[in-house]
Amino acid sequence: MTDATQLRTPVPRDPRADICRGLALWMIMVNHTPGNAAGDWTLRNFALADATEAFVLLAGYAAAFAYAGKADRQGWLPAAASVAQRVGKLYVAHIFLLVVFAAQVGFSAAALDRAAFLDELALDPFAEQPYRALLEALLLRFQPHFLDILPLYIVILALFIPVLLLRGWPWLLLGLSVVLWVGVRAAGYNLPRWEEGTWFFNPLAWQLLFFIGFMLGQSVRGAPTVGLPPRSPWLTAAALLVLGASLAAMVGYNHFYSHLPVWAAEWLSRVDKQSLHPWRLASILALAYLIGQFVGRDGALVRSRLARPFQKMGQHSLPVFCVGILLSFLARLAIEAWDGWEVQLVVNVACFMALLGVAVVSEWNRTVERAPRQAPTSPLPAGAEKA
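Remember, predicted model here, so these are calculated numbers, not experimental data.

About the cut-offs
- Within every chain, residues take consecutive numbers counted from 1 along the sequence as written.
- In view of the model being predicted, local features appear only for residues whose pLDDT reaches at least 70, and side-chain atom pairs are presented and counted only at 80 or more, with totals across whole chains, interfaces and linings using the full set of residues.
- As a rule here, side-chain values come from all non-hydrogen atoms in the structure, and water together with hydrogens is ignored.
- Strands are runs of DSSP state E lasting at least 2 residues, helices are runs of H or I lasting at least 4, and numbering of each runs from the N terminus.
- Accessibility here uses a 1.4 Å probe with only protein chains present; expressed as a share of the type maximum, an area under 20% marks a residue as buried, one over 50% as exposed, and anything in between as partly exposed.
- The arc refers to the directions leading from the helix axis to the C-beta atoms.
- Should any heavy atoms of two residues lie within 4.5 Å, those residues are counted as being in contact.
- A fitted line through C-alpha atoms represents every axis, and for helices the fit uses only the stretch in contact; the resulting angles, taken between N-to-C directions, go from 0 to 180 degrees.
- Orientation is classified from the angle alone, with under 35 degrees giving roughly parallel, over 145 giving roughly antiparallel, 65 to 115 giving roughly perpendicular, and any other angle giving oblique.
- Helix crossings get a hand from a simple test, with the near helix turned counterclockwise from the far one by less than a right angle marking a left-handed crossing and a clockwise turn marking a right-handed one.
- Charged residues are taken to be Asp, Glu, Lys and Arg, nonpolar residues to be Ala, Val, Leu, Ile, Met, Phe, Trp, Tyr, Cys and Pro, and polar residues to be all remaining types, Gly included.
- As used here, the term nonpolar core means buried Ala, Val, Leu, Ile, Met, Phe, Trp, Tyr and Cys residues forming a set that is joined through side-chain atoms within 4.5 Å.
- Stacked, tilted and edge-to-face are the three classes applied to pairs of Phe, Tyr and Trp rings, where Trp contributes its six-membered ring and a pair requires centres within 6.5 Å; stacked means planes under 30 degrees apart, edge-to-face means over 60, and tilted covers the rest.
- For a helix, the expected span equals 1.5 Å multiplied by the residue count minus one.

S.K.: Describe unusual backbone geometry, naming the residues involved and giving the relevant values.
M.R.: For Ala 122, which is not glycine, the phi torsion reads 55° and is therefore positive. Positionally, Ala 122 belongs in the loop between helix H5 (116-120) and helix H6 (124-128). Positive phi, close to 55°, is recorded for Leu 276, a residue that is not glycine. Note on placement: Leu 276 falls in the loop between helix H12 (262-269) and helix H13 (278-294). Leu 276 sits in the buried class, given a relative accessible area of 0%.

S.K.: Tell me about helix H7 (residues 130-138), and name the residues and values.
M.R.: For H7, the set of buried residues is Ala 133, Glu 136 and Ala 137. Along H7, the residues classed as buried sweep out an arc of 105° about the axis, all on the same side. Where H7 is buried, its residues meet helix H4 (76-111) and H6. Immediately beyond the C-terminal end of H7, within one or two residues, lies Leu 140, with a positive phi of roughly 65°.

S.K.: How would you summarise the environment of Leu 58 if you had to cite specific residues and measurements?
M.R.: With respect to the helices and strands, the residue Leu 58 is situated in helix H3 (residues 51-74). Measuring from C-alpha to C-alpha, the distance between Leu 58 and Gly 217 comes to 8.9 Å, with 159 residues separating the pair along the chain. Residues within four places of Leu 58 in sequence aside, it is in contact with Ala 17, Cys 20 and Arg 21.

S.K.: Describe the packing of helix H9 (residues 170-187) against helix H10 (residues 203-221), with residues and values.
M.R.: Interaxial distance between H9 and H10 falls to 8 Å at its minimum, and their mutual angle equals 155°. If you check the angle between H9 and H10, you find them roughly antiparallel. Between H9 and H10 the crossing geometry is left-handed. Contacts between H9 and H10 pair Pro 170, Leu 173, Leu 174, Ser 177, Val 178, Leu 180, Trp 181 and Val 184 from the former with Leu 204, Ala 205, Gln 207, Leu 208, Phe 211, Ile 212, Phe 214 and Met 215 from the latter.

S.K.: An account of the packing of H4 against helix H15 (residues 317-337) is needed here, citing residue identities and associated values.
M.R.: Their axes nearest at 10 Å, the elements H4 and H15 cross at an angle of 10°. Considered as vectors, H4 and H15 are oriented roughly parallel to each other. Contacts between H4 and H15 involve Arg 86, Lys 89, Leu 90, Ala 93, Leu 97, Val 100, Phe 101, Gln 104, Val 105 and Ser 108 on the former and, on the latter, Ser 317, Leu 318, Phe 321, Cys 322, Ile 325, Leu 326, Phe 329, Leu 330 and Leu 333. Per-class residue counts for the contact of H4 with H15 are 14 nonpolar, 3 polar and 2 charged.

S.K.: Before we move on, can you summarise the nonpolar core with the specific residues and values?
M.R.: Phe 160, Phe 210 and Phe 321 are the most contacted members of the largest nonpolar core, which has 98 residues in total. If you tally residues by element for this core, the top one is H4, at 12 residues. The residues contacting Phe 321, other than those within four sequence positions of it, are Leu 25, Ile 28, Leu 97, Ile 149 and Leu 150. Grouped together as the second largest cluster of nonpolar side chains are 6 residues, Leu 243, Ala 286, Tyr 289 and Leu 290 included.

S.K.: Give a description of the packing of aromatic side chains that names residues and reports values.
M.R.: Summed over the entire model, instances satisfying the criterion amount to 18 aromatic pairs. Geometrically, the ring pair formed by Phe 55 and Tyr 153 is edge-to-face, given 5.9 Å between the ring centres and 80° between the ring planes. With a gap of 98 residues between them, Phe 55 in helix H3 and Tyr 153 in helix H8 (residues 149-163) connect regions that are remote in the sequence. What links up through ring pairs into an aromatic cluster is the set Tyr 67, Phe 160, Phe 210, Phe 211 and Phe 214.

S.K.: Talk me through H10; I want residue IDs and the actual numbers.
M.R.: Taking 1.5 Å per residue, 19 residues should reach 27 Å; H10 reaches 26 Å between its end C-alpha atoms and fits that length. Burial analysis of H10 places 16 of its 19 residues in the buried class, the great majority of the element. Residue Gly 222 follows H10 closely and has a positive phi angle near 80°.

Written out as structure tokens, the structure reads:
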């Protein structure tokens, strides 16, 4: 039985989660830059999953510490208020990012006579129906390319508010999550977008990955959770088999697609990202299992200098993500203007340093905000002497 005192004691951040989240943020920036050679070395080329799956899983993992922990210490209402505050912050960040991104792309399209930018990034409604486009953006029904991750996160966190009440019944919570995932996939249901189509990331399906991450975090906290599999050679072999098959599928898709059997090509085309295909789910969970079992919280890899920048970025995911989206378009302009490996190197190093700088400034700002403030000293009356 879980000790109530243990649940009320705050648990330190897991550095592995921060490092992996920082890596995911870096990969998102790289993958959103067309022509970036570094994109050939990101997760999406080696598994039937990518940085988005990692980001959502780790968001659920972090939610167990940040919000379930607060609910155990202070009750559901203060924790729900914290989640609602976070949802509001994400919403404001998304709208701000959308406006800046639209201005950035629109100005570049006009200055460089590249109207194709607007069409490629699905920003042309701003030119055709600006007021309606802005209204639909406020309703999260207008999502230009690259700006669909925060709306996904916003909806999932909103769902998390009532789910916090079920944290003491983990099997029920997981069962409802699985049923919803299976149901929306079977019915083909998704949230509608403005004009045509549906959301690129279906939050009613992706919530399963978030809540699995939540269960993992609850396990580390010592809170009620679904029994997690222990370390075993059989599970390790199964995880390696899943990732090996995933790697083979991606190599075949990227380099030998025209030579694949018809059935294999058709199967790969059905591994959808929109509603979280089971194979994408299995791939990211296999990777998470191997990292959780073989990378210690205080191991040499976690404490290495190489990991520190990613850990810092992972601790400040929202500003790093927003700046990364804006940098990805600037990086694209630079790569298209000047070809060559030297430009690729400079662009990627500059973007990495910029993201790290955002994380450092965010850390400094957080430290200043949390520093205890001294009460102002009242001036001594005229003629009084200091003691």
